[in-house]
Amino acid sequence: MLEVAAVAKLRHQPVKRMIGRFIVADPAICHGQPTFRGTRILVADVLEQVAAGSAWETIVEDWRGNVSSHAISEAVRLASQAFRDHSDQYAAPEYVLERAQA
């Protein structure tokens, strides 16, 4: 009976997801937010650095080599894919252009 309870408990525990070769989401690490495999470095933090214009070599140095340029490339590629897949959900009302009255 104890074995059945243990299996049932395991079934309800969140599971680590491999999002890519370098990116994982583990509920036990950083509340399940995507991180680079084997680290607690948030993918979002690195993408912010990329968005700010930091050179990838600088980002690698900033994280002491714990994030490789290949990992950064994967993060950018996945973010780009997510944007393509979900861009219809984003709108900044202050930038929505209306047609001019004819």
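Up top you'll find the structure we're talking about.
Attention here is on the structure that accompanies the text. Everything numeric here is computed off the predicted structure, so don't read it as measured data.

What counts, and at which threshold
- Residues numbered from 1 in each chain as written.
- Predicted model: local features only at pLDDT ≥ 70, side-chain atom pairs only at ≥ 80, totals over all residues.
- Heavy atoms only, no water.
- Helix = DSSP H or I, 4+ residues; strand = E, 2+ residues; numbered from the N terminus.
- Buried < 20%, exposed > 50% of the residue type's maximum accessible area, 1.4 Å probe, protein only.
- Contact = heavy atoms within 4.5 Å.
- Areas by Shrake-Rupley, 256 points an atom, 1.4 Å probe, with all protein chains shown as cover.
- Core = buried A, V, L, I, M, F, W, Y, C linked by side-chain atoms within 4.5 Å.
- Pairing = 2+ DSSP bridges.

Section: the overall build of the protein
Here's step 1: For the protein, the count of helices and strands is 4 helices and 3 strands.
Here's step 2: Along its sequence from the N terminus, the protein presents helices and strands in the succession α-β-β-β-α-α-α.
Here's step 3: When burial is assessed residue by residue, the protein has 20% of its 102 residues classed as buried.
Here's step 4: Partitioning the intrachain contacts of the protein with sequence separation of at least 6 by distance along the chain shows that 26% fall at a separation of at least 24.
Here's step 5: Carbon together with sulfur atoms contributes 55% to the accessible area of the protein, which is approximately 8300 Å² in total.

Considerations on the nonpolar core
Here's step 1: Counting residues in each nonpolar core, the largest one holds 11 residues, listed as Phe22, Ile23, Phe36, Ile41, Val43, Val46, Ile59, Val67, Ala71, Ile72 and Ala75.
Here's step 2: If one sorts the elements of this core by residue count, helix α4 (residues 69-86) sits on top with 3 residues.
Here's step 3: Not counting residues within four places of it along the chain, the set of residues in contact with isoleucine 41 comprises Pro34, Thr35, Phe36, Val46, Trp63, Asn66 and Val67.

Comments concerning the sheet that holds strand β1 (residues 17-18)
Here's step 1: Across the sheet, which stays open at both edges, the 3 strands sit in the order β1-β2-β3 with antiparallel pairing between neighbours. One side of each edge strand has no neighbouring strand; the edge strands of this open sheet are β1 and β3 (35-36).
Here's step 2: Bridging between strand β2 (residues 23-25) and β3 involves 2 bridges; their strand directions are antiparallel. Of the residues in β3, the one forming a bridge with isoleucine 23 is phenylalanine 36.

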